[in-house]
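Listed here are the chains, written in short residue letters.
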Amino acid sequence: MPDSRGFPRRAALRTIAGAALAVPLSAGPLARFAAAASPLWHPDPVKDGLKAFEGVEADRGGLHPDRKYVVVEGNHYRFTIWRDDRDTTGGGDRQRTETKGMVQNGSALKMRDGETWTLSYEMFIPASLHGTSRFTHIFQTKTPATNDGPWVTLDLVRDGGVEMISARAYANPGSPSIAAAKLAPLREKWITVEWTLTPGEAGAAACVIRSGAGAGAPIAAQGRKTGVKLPDQGDYVRPKWGIYRSVESDPADILDTYLLFRNYRANRA
């Protein structure tokens, strides 16, 4: 089955309504990391490079072998996508530049049913990366063995002139929001995203989006949802970062663009 669905018009307004029902969080993952001796995953871009991930998924059809899709730039990773990129899935209707998984000291970390994991990272969204009427995931979770999902996602969406960033229980009926905020104030600066995920057929997911870098940055959106479809299916749940989007949105929203990531952290409770 297709691994993404469109984001229908007016859905962003329902996203806001769903987020309003979410349960506020008392502390995000960064606060818990401060109390921990060391997170399980804490890659250094300079030292670890792309070995911090299980792999890169970009230009899988080999259409543009000269392009550099995921590279290290100083203390962060740069993910680049071009409007003429096409993925090998979807019959030419989508494109992706993503990394998958979390690798520390050569070993992949695996999120399994019943465990609670905290993940955080800082992200820079440029003005050229737009919310879209169809799907644009900048974070997703899937099960490798079955390729099922995405389960929980972070999406850039559009309802007319309003662009939103929305953490969503994507595999649940209606893909309800967990937390959402207007995108415009969060562009062109480093922001922080914090997740708390408990995999399971009826798992749980919480998200905090901060308008700035670090645990002290003001909260732009937060929420928590239970009964979230996030199963390991006898394998494990794997996070993915980058840009995965439909090209069937307004062409004005499908531009050459990029995303920056730094300060990845992950821990198991």
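Heads up: the structure comes first, above all this text.
Values in this document were obtained by computation on a predicted structure and should not be read as measured data.

About the criteria used
- Residues numbered from 1 in each chain as written.
- Predicted model: local features only at pLDDT ≥ 70, side-chain atom pairs only at ≥ 80, totals over all residues.
- Heavy atoms only, no water.
- Helix = DSSP H or I, 4+ residues; strand = E, 2+ residues; numbered from the N terminus.
- Buried < 20%, exposed > 50% of the residue type's maximum accessible area, 1.4 Å probe, protein only.
- Contact = heavy atoms within 4.5 Å.
- Areas by Shrake-Rupley, 256 points an atom, 1.4 Å probe, with all protein chains shown as cover.
- Salt bridge = Lys/Arg side-chain N within 4 Å of Asp/Glu carboxyl O.
- 1 Å grid on protein atoms, 1.4 Å probe; cavity = no way out; pocket = protein on both sides within 12 Å on 5 of 7 lines; lining within 4 Å.
- Points joined across faces, edges and corners; volume = space filled by probe spheres on them.
- Polar contact = N/O pair within 3.5 Å; in protein donor to acceptor, adjacent residues only side chain to side chain.
- Pairing = 2+ DSSP bridges.
- Axes fitted to C-alpha atoms, helices over the stretch in contact; angles between N-to-C directions.
- Phe/Tyr/Trp six-rings, centres within 6.5 Å; stacked < 30°, edge-to-face > 60°.
- Lys NZ or Arg CZ within 6 Å of the ring centre and 35° of its normal.

In this structure, what is going on with the overall build of the protein? I would like to understand it.
Counting its regular elements, the protein contains three helices and 16 strands. The proportion of buried residues among the 269 residues of the protein is 57%. Long-range contacts, defined as pairs at least 24 residues apart, comprise 69% of the intrachain contacts of the protein with a sequence gap of at least 6. Total accessible area on the protein stands at roughly 10800 Å², and carbon and sulfur atoms take up 52% of it.

What exactly am I supposed to notice about the pattern of salt bridges here?
Here the idea is simple: oppositely charged side chains can pair when their charged atoms come close. The tally for this structure, following the rule as stated, stands at 21 salt bridges. Taking the shortest distance from any N to any O, the salt bridge between Asp-93 and Arg-94 comes out at 2.8 Å. Here Asp-93 falls in the buried class, since its relative accessible area comes to 15%. In this structure, the salt-bridge partner of Glu-201 is Lys-229, at a minimum N-O distance of 2.3 Å. Taken together, the residues span a long stretch of sequence, with Glu-201 in strand β13 (residues 200-210) and Lys-229 in strand β14 (residues 219-230) at a distance of 28 residues. Shared partners join several salt bridges into a network, and the residues in it are Glu-57, Arg-60, Asp-87, Arg-96, Glu-98, Lys-100 and Lys-240.

So what exactly am I meant to see when it comes to empty space enclosed by the protein here?
The gaps left among the atoms become clear once a water-sized probe is rolled over them. What the rule picks out here adds up to one cavity of 30 Å³ or more. The wall of the largest cavity is formed by Ala-58, Asp-59, Arg-60, Asp-85, Arg-86, Asp-87, Gln-95 and Arg-96.

Just checking my understanding: could you explain the side chain of Arg-96 for this structure?
In this structure, Arg-96 sits in strand β4 (residues 94-100). A polar contact is formed between the side chain of Arg-96 and the side chain of Glu-98, at a distance of 2.8 Å. In terms of polar contacts, Arg-96 uses its side chain to reach the side chain of Tyr-244, at 3.5 Å.

Is there a simple way to explain the sheet that holds strand β8 (residues 136-142) in this structure?
Across a sheet, paired strands are connected by hydrogen bonds in the backbone, their directions being either parallel or antiparallel. The strand order across the open sheet built from seven strands is β1-β4-β15-β8-β9-β10-β11, with neighbouring strands paired in antiparallel fashion. Sheet topology places β1 (55-58) and β11 (177-182) at the edges, where each strand pairs with a single neighbour. For this sheet, the mean inter-axis angle between neighbouring strands, taken without regard to orientation, is 20 degrees. In this sheet, strand β15 (residues 238-246) lies alongside β8 in antiparallel orientation, the contact comprising six bridges. The residue of β15 that forms the bridge with Lys-142 is Arg-238.

Would you explain the environment of Leu-156 in this entry?
Inspection of the secondary structure assignment puts Leu-156 in strand β9 (residues 152-159). Look at Leu-156 and you get buried, because its relative accessible area is 0%. Placed ten residues apart in sequence, Leu-156 and Ser-166 show a C-alpha to C-alpha distance of 6.5 Å. Aside from chain neighbours lying at most four places away, what touches Leu-156 is Leu-129, His-130, Gly-131, Thr-132, Thr-136, Ile-138, Met-164, Ile-165 and Leu-183.

Explanation requested: the pairing of strand β16 (residues 257-268) in the structure shown.
For a regular strand, side-chain orientation follows a simple rule: the groups alternate between the two sheet faces. Burial of β16 is extensive: nine of the twelve residues sit out of reach of the surface. Here five bridges tie strand β3 (residues 76-81) to β16, and the two strands are oriented antiparallel to one another. Among the inter-strand pairings, Tyr-77 is bridged to a residue of β16, identified as Phe-261.

How should I be thinking about the packing of aromatic side chains in this particular structure?
Aromatic ring pairs are defined here through the distance separating the ring centres and the angle between the ring planes. Enumeration over the complete set of coordinates arrives at 18 aromatic pairs. An aromatic cluster of three or more residues is present, and its members are Trp-41, Phe-53, Tyr-77, Phe-79, Tyr-121, Phe-139, Trp-195, Trp-241, Phe-261 and Tyr-264. Over the face of the ring belonging to Tyr-258 we find Arg-78, whose NZ or CZ atom lies 4.1 Å from the ring centre. Sitting above the plane of the Tyr-244 ring, Arg-96 keeps its charged end 4.0 Å from the centroid.

In this structure, what is going on with the sheet that holds β16? I would like to understand it.
Pairing is antiparallel in the open sheet, where seven strands are placed in the order β2-β3-β16-β7-β12-β13-β14. Every interior strand has two partners, whereas the edge strands, β2 (70-73) and β14, have only one. For this sheet, the mean inter-axis angle between neighbouring strands, taken without regard to orientation, is 25 degrees. The pairing of β2 with β3 spans four bridges and is classified as antiparallel. Residue pairing in the sheet places Val-72 in a bridge with Tyr-77 of β3.

The analysis is restricted to geometry; functional conclusions fall outside its scope.
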